[in-house]
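# A structural walkthrough
Residues per chain are reported as follows:
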Amino acid sequence: MKTIVEDKIWLSSPHMGGTEHKYVSQAFDTNWIAPLGPNVTAFEQSIEQTIGNSTYAACLSSGTAAIHLALKLLGVGPRDSVLCQSFTFSASANPICYLGAEPIFVDSEKETWNLCPDLLEEGIKDSINKKGIKPKAIIAVHLYGMPYKVDEINQIAEKYNISVVEDSAEALGSKYHGTSCGSLGTMGILSFNGNKIITTSGGGALLTKEENLKEKAIFLATQARDQAPHYQHSEIGHNYRMSNVLAGIGRGQMEVLKERVRARRLNYEYYQKFFKDNDAIEFLDEPNGFYSNRWLTCILLPNFELREQVRKALERINIESRPLWKPMHLQPVFADAPCFLNGVSQDLFTRGLCLPSGSNLVVEDLERITTTINESLL
Ligand SMILES: *Cc1c(COP(=O)(O)O)cnc(C)c1O
């Protein structure tokens, strides 16, 4: 018997708005095929306007590069330690290791699934009391677009005078009490990777309140070249600047960001309404004052077996879904890293599933997905 293979439904696929082509063509027409140029400048301006809150943006080759430079600008180096949300994608933590520093992983709380303030403080105190060193930075993540508890985290950061790198890779368009994510920490980062809410196929940005830090980031991202007619270097640099061709895609994408956020939030609403009477499926509501871009809609099933049952049923009819991020403290590569745990992120990883959430999904897709999930749970 031949089975009919239906069209693939992706977890989160690129969604062009239409004007990207125009800006990319301009780059070609004017021969600005370089890691700088008018598209890069205009893309940065557009990010700065959208984020607001006196924020400067430096466009880079990836979100990972942005975290690397943010930590470097905060002076993180060998023998330092950096506290990092355990429940995240590995790119949040890897740059700590690029700098020869030690990651310390901190578990999540249940209201936002992000950095737990109590455990964070425990981690800081433990470092100070047992090792006599104060961690150099905190990496907090607005995972899946849901803002972390910004006030609580900032209070602790201020109390101990530790800088916060705000990983907003998944949270462009999210807000905390009306203020844009990315502008709430000491420095912030964005990602424009292919699966994010808007994309340049690959890219990222570093966000800062200080113009000189933006300049320093661009200096480090362009091989740390001193001012001289010849090539002279007094510091180790990187090749991390964004291409002017890709920034053209970003300019076009920024024009449709609001629509993209709206579509993703509507996906979430659709799923939530559809399953509201189904006790087997839990959602993550927004606490008061928290506004998520709903980059990915996540659900929790009662246990691992049912989660897998749903995931496999979707897979069988060519629908991509994905378990929630596997926490960093459970990753083989970070097996030796210190961690402060309460079981929350491990539980989320065990029972959680990301549903297709692209802004280009149509009602027929959502119907196919929800019907399949329902049937798989009968
Ligand atoms: C995507 C992502 C990054 C890294 O961004 P890239 O542009 O892919 O390097 C960092 N942190 C989180 C939470 C992400 O989802």
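Structure: above.
This text gives an overview of the structure that appears in the document. (Residues numbered from 1 in each chain as written. Predicted model: local features only at pLDDT ≥ 70, side-chain atom pairs only at ≥ 80, totals over all residues. Heavy atoms only, no water.)

Moving on, we get to the layout of surface pockets. Looking at the largest pocket, its volume works out to about 330 Å³. Around the largest pocket, the lining comprises 18 residues; the ones closest to its centre are T50, G173, K175, L257 and K258. Of all elements in the fold, only α2 (38-51) and α9 (257-274) reach the threshold of two or more residues within the lining of the largest pocket. By residue number, the principal contributor to the lining of the largest pocket is α9, which donates 6 residues. Split into classes, the residues belonging to the lining of the largest pocket amount to 8 nonpolar, 4 polar and 6 charged. Forming the boundary of the second largest pocket are 21 residues, of which T64, F89, A91, S191 and K196 lie nearest the centre. Top contributing element to the lining of the second largest pocket by residue count: helix α3 (residues 63-73), with 3 residues. When grouped by side-chain class, the residues that make up the lining of the second largest pocket number 8 nonpolar, 10 polar and 3 charged. (1 Å grid on protein atoms, 1.4 Å probe; cavity = no way out; pocket = protein on both sides within 12 Å on 5 of 7 lines; lining within 4 Å. Points joined across faces, edges and corners; volume = space filled by probe spheres on them. Helix = DSSP H or I, 4+ residues; strand = E, 2+ residues; numbered from the N terminus. Nonpolar A, V, L, I, M, F, W, Y, C, P; charged D, E, K, R; others polar.)

Not every one of the 15 residues close to the ligand is listed here, only the nearest: T64, D167, E170, S191 and K196. Between the ligand and the protein, one listed contact pairs an oxygen atom with a side-chain N or O atom of T64 at 2.5 Å. The side chain of S191 places a nitrogen or oxygen atom 2.7 Å from an oxygen atom of the ligand. Across the complex, the protein chains shield 95% of the 380 Å² of accessible surface that the ligand would expose by itself. In this structure, the ligand is accommodated by the second largest pocket. Its residues placed into classes, the shell around the ligand shows 4 nonpolar, 8 polar and 3 charged. (Near = heavy atom within 4 Å. Polar contact = N/O pair within 3.5 Å; in protein donor to acceptor, adjacent residues only side chain to side chain. Areas by Shrake-Rupley, 256 points an atom, 1.4 Å probe, with all protein chains shown as cover. Sits in = over half its atoms within 2 Å of the grid points.)

Our focus in this paragraph is helix α11 (residues 344-351). Within the span of α11, buried status applies to V344, S345, L348 and R351. Around the axis of α11, the buried residues are gathered within 145 degrees of arc, so they sit on the same side. Where the residues of α11 are buried, they touch β11 (297-300), α10 (304-316) and β14 (352-355). (Buried < 20%, exposed > 50% of the residue type's maximum accessible area, 1.4 Å probe, protein only. Arc of directions from axis to C-beta. Contact = heavy atoms within 4.5 Å.)

Further remarks concern the sheet that holds strand β7 (residues 179-180). What the 3 strands build is an open sheet, ordered β7-β6-β10; its pairing is antiparallel. At either margin of the open sheet sits one strand with a lone partner, and together these are β7 and β10 (290-291). Where strand β6 (residues 175-176) and β10 come together, 2 bridges link them in antiparallel fashion. When the sheet's bridge partners are listed, K175 is paired in β10 with Y291. (Pairing = 2+ DSSP bridges.)

Attention shifts here to the packing of aromatic side chains. Under the criterion given, the structure shown has 10 aromatic pairs. In this structure an aromatic cluster arises from ring pairing among F87, F89, Y144, W295 and W325. For the cation-ring pair, K8 lies above W10, with the distance from its terminal atom to the ring centre recorded as 4.6 Å. Above the plane of the ring of Y231 lies R225, whose end atom (NZ or CZ) is 3.6 Å from the centre. (Phe/Tyr/Trp six-rings, centres within 6.5 Å; stacked < 30°, edge-to-face > 60°. Lys NZ or Arg CZ within 6 Å of the ring centre and 35° of its normal.)

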